[in-house]
Amino acid sequence: MNIDKSKLDSIFSETKKDRQEKLEIIIKNKKYFYFITIIYIVFILVLVLYFKDFFIYIITDSLGKDPFGTISSIAFVLIFPIAALYRKLISVHKKSYVENIKKNMMSIIAEGLSNNEVNIRYIPPDDKEYYKKSNKEQVLKDDPFNSGLIPSKYSLTTEDFFKGIYKNVNFCIHDCRFKLLSGDGPFDDVYFNGPIFSIDLNKKNNSKTLIFSSEVSCKVGIGDLKEIKLEDIDFEKKFKIYSNNEIESRYVLTTSFMEKIKQLLDILKKYSSKRDSITPELHMSILNDKIYIGIDLLINTFLEPKDIENNTFDIKEVERFKEELCLIFEIIEELNLHKK
Amino acid sequence: MEIFIILLVLVAILGIIFYSFYVPLIKLKNKVQESLSGIDVQLKKRSDLIPNILGLASKFMTHERSLIEDITKIRTEVQKMSILNKEEAGKVLDKNSELSTKLNQLFVSLENYPQLKSDSTIIQAQQTYAEVEEHISAARRFYNSAVNELNNSIEIFPSSIVASLLGMKKMELFKILDEKEREVIKVSDYLK
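As the structure is a prediction and not an experimental result, all values here were calculated from the model. (Residues numbered from 1 in each chain as written. Chains lettered and ligands numbered in written order. Predicted model: local features only at pLDDT ≥ 70, side-chain atom pairs only at ≥ 80, totals over all residues. Heavy atoms only, no water.)

### Thoughts on the overall build of chain A
Keep this limit in mind: Put simply, DSSP H or I for four residues or longer makes a helix, DSSP E for two residues or longer makes a strand, and each gets a number counted from the N terminus. Burial classes: relative accessible area under 20% of the type maximum marks a residue as buried, over 50% as exposed, and values in between as partly exposed (1.4 Å probe, protein chains only). Whether two residues are in contact is decided by their heavy atoms, any of which lying within 4.5 Å being enough.
Scanning chain A for helices and strands turns up eleven helices and ten strands. Counting across all 340 residues of chain A, residues that qualify as buried make up 49%. Within chain A, contacts between residues separated by at least 24 positions form 68% of all contacts whose residues are at least 6 apart in sequence.

### Comments concerning the nonpolar core
Threshold: As used in this record, nonpolar core signifies buried Ala, Val, Leu, Ile, Met, Phe, Trp, Tyr and Cys residues forming a set joined through side-chain atoms within 4.5 Å.
Counting 98 residues, the largest nonpolar core has I199, L282, I291, I293 and L335 of chain A as the members making the most contacts within it. Ranked by the residues each element gives to this core, the list is headed by helix α5 (residues 120-155) of chain B, at 13 residues. Excluding anything up to four places from it in sequence, L282 of chain A contacts I211, F212, S213, F239, I261, L264, L265, L268, I293, G294 and I295 of chain A. In terms of nonpolar packing, the next biggest core, distinct from the first, is built from 16 residues, F12, A83, Y97 and M105 of chain A among them.

### A look at the packing of helix α1 (residues 2-60) of chain B against α5 of chain B
Residue and element names in this part refer to chain B. Heads up, the condition is: Lines fitted to the C-alpha atoms define the axes, with helices restricted to the stretch that makes contact. Angles between their N-to-C directions range from 0 to 180 degrees. Here the angle decides the label: under 35 degrees means roughly parallel, over 145 means roughly antiparallel, 65 to 115 means roughly perpendicular, and every other value means oblique. By definition, any crossing whose near helix is turned counterclockwise from its far helix by less than a right angle is left-handed, and any crossing with a clockwise turn is right-handed. Gly is put with the polar residues, along with every residue not named as nonpolar or charged; the nonpolar set is Ala, Val, Leu, Ile, Met, Phe, Trp, Tyr, Cys and Pro, and the charged set is Asp, Glu, Lys and Arg.
Closest axis-to-axis distance for the α1/α5 pair is 8 Å, and the angle between their directions is 165 degrees. Our classification of the angle between α1 and α5 gives roughly antiparallel. With respect to the hand of their crossing, α1 and α5 are arranged in left-handed fashion. Within the contact of α1 with α5, the residues separate by chemical class into 21 nonpolar, seven polar and eight charged.

### Quick look at the packing of aromatic side chains
Filter applied, for reference: Two aromatic rings, drawn from Phe, Tyr or Trp (for Trp, its six-membered ring), form a pair once their centres lie within 6.5 Å of each other, and the interplanar angle then sorts them: stacked below 30 degrees, edge-to-face above 60, tilted otherwise. Remark: a charge is flagged as sitting over a ring if the NZ atom of Lys or the CZ atom of Arg is within 6 Å of the ring centre and within 35 degrees of the ring normal.
One pass over the full model with this rule turns up nine aromatic pairs over all chains. A ring pair is formed by F18 of chain B and Y22 of chain B, whose centres lie 5.9 Å apart and whose planes are at 15 degrees; its orientation type is stacked. Of this pair, F18 of chain B and Y22 of chain B both sit in helix α1, separated by four residues, roughly a single helical turn. Note on F18 of chain B: relative accessible area 33%, which makes it partly exposed. On the accessibility criterion, Y22 of chain B (30% relative accessible area) is partly exposed. Joined through ring pairs, the aromatic side chains of Y166, F171 and F329 of chain A make up one cluster. Over the ring of Y251 of chain A we find K203 of chain A, and its NZ or CZ is 4.7 Å from the ring centre.

### Re the interface of chain A and chain B
Applicable threshold: For any pair of parts, buried area is found by adding up, for both, the accessible area (1.4 Å probe) each one loses once the two are put together. Throughout this description, the term salt bridge denotes a Lys or Arg side-chain nitrogen within 4 Å of a carboxyl oxygen of Asp or Glu. As used in this structure description, the phrase polar contact means that two N or O atoms lie within 3.5 Å; if the pair is within protein, one of them must be able to donate a hydrogen and the other to accept it, and residues adjacent in sequence are counted only when both atoms belong to side chains.
If you look at the interface, chain A gives 14 residues, while chain B gives eleven residues. A combined buried area of about 1100 Å² lies between chain A and chain B, and 52% of that area is made up of carbon and sulfur atoms. Looking at the side of chain A facing chain B, the largest losses of area belong to I247, R250 and Y251 of chain A, adding up to 53% of the total buried there. At the surface where chain A touches chain B, the tally comes to three salt bridges. Of the charged contacts, one joins E231 of chain A and R141 of chain B as a salt bridge, the two residues approaching to 2.7 Å between their closest N and O atoms. For the interface between chain A and chain B, the tally reads six residue pairs in polar contact (both at pLDDT 80 or more). Looking at the side of chain A that touches chain B, the elements that each hand over two or more residues are α9 (246-252) and α10 (255-274) of chain A. With five residues, the single largest contributor to the side of chain A that touches chain B is α9 of chain A. When the residues that make up the side of chain A that touches chain B are grouped by side-chain class, the tally is five nonpolar, two polar and seven charged.

### A word on the pairing of strand β3 (residues 161-166) of chain A
Residues and elements named next belong to chain A. For the record, the criterion: Here, strands pair whenever DSSP counts at least two bridges between them.
Two elements, strand β1 (residues 118-123) and β3, share six bridges in a ladder whose sense is antiparallel. Bridge assignment links I123 to a residue of β3, and that residue is F161. Hairpin geometry of β3 and strand β4 (residues 169-180) is characterised by an intervening segment of two residues between the two adjacent antiparallel strands and by a positive phi of about 45 degrees at K167.

### Notes on the side chain of E236 of chain A
Note that E236 of chain A resides in helix α8 (residues 233-238). Ignoring anything within four residues of it in the chain, the contact list for E236 of chain A reads S214, I228, K229, L230 and I241 of chain A.

Following this line, the structure appears as structure tokens:
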């Protein structure tokens, strides 16, 4: 599985011009944003120093008894939304810039990973033609929501994904960042940040089983599911299991399968230490004929350029990303999902 | 009067304590019953599969007549019994274990009939059979887990007192009854 680095370089150079325009807007908006923010901070500092009880003053002087007070009240209320607007503009253009890179580079990376055993394809969020084809593709896109791993009050902020086949096993990889529906800022309540893999199960299954790392409290509404106790004490210590059918769950979660999940956790720990991430939290759900594996790393996993402002591309990042994609093959092999 | 009230409070406290141990015990007992009926359902599923397999096998496997007849006979006996009936439970498990061994023998014998072995219907039947076997194994694990929980409650103080008052006894875990099942299958034995 070799990625054609020269092809990546040439595509990056060819598309550099398109991004440059966006980049200039980002830089310009950033300047405005910093300028307004600095003025705003200075303005507030002066006002606070001038009127010791400034915040009470701007409320009580709303009738405009003091012209200075009225002007400061209006300025205080107006400058903030302007700064917020610039911040929003920066994030919109940044998103578009990153999407441009992803769209151009991911396909080449996917192509480089494909061979006789693997077929992998990148689906960007704006690929409307692709989604028009069938409802099934829409279902793939919605996999993270259908996994049962995420509470409904959280929304997904990234929508691109990879789909593919490895040794005749269909899979999808979603880079997910779930946060509260109401939130818009950087400090919003993020519930999950990491990849969610959906893989075809090699067994017929009619039940719903949720497996959560023991360290985290289960925030998902478990409905009619009951907590079940399995024979493997070590597995029980590491995970909490909920199911609506004890026999079906045990049919999938055989003793050897539980052993493999524990081994998978060790692989993920090694992987997360490479990325300087926290200890990963492994969540799994087995739903009908699919197994969903969510790895909460608290970091974005899909290729996102670090040095945006220089419009350069670090090939080491591509190597790192390749390793991340190959994790799916390790998961399939480790859990023996390619064997019927 | 005061003594009467104190006695009444004591009885009420004891009653609440008894009830708080009684409810989980009954829940566990019912869970064991539920798991047992789970095994019953899976065994019936397997039993229902057998005529289909035998129907196909009897057309080609002329040398295995006695084996096919044995399976038919055991299946008929198994169908008349239920694992949920306490007196029959042991016998049902014995018979099912015997049935399982015979069916495995039949599948190994399939190797001698390439035409049948490659038949899509028999391949499908074999796959379904393997699935049902795995379900039976899962149902047994569920049963063992439920029995283990119940036995712990029956043996560990203080719920053991309530259990003994209710006359509840430790239940047997599901073991591999047939020593043949425990043995590793020697392929060479079948290739003689």
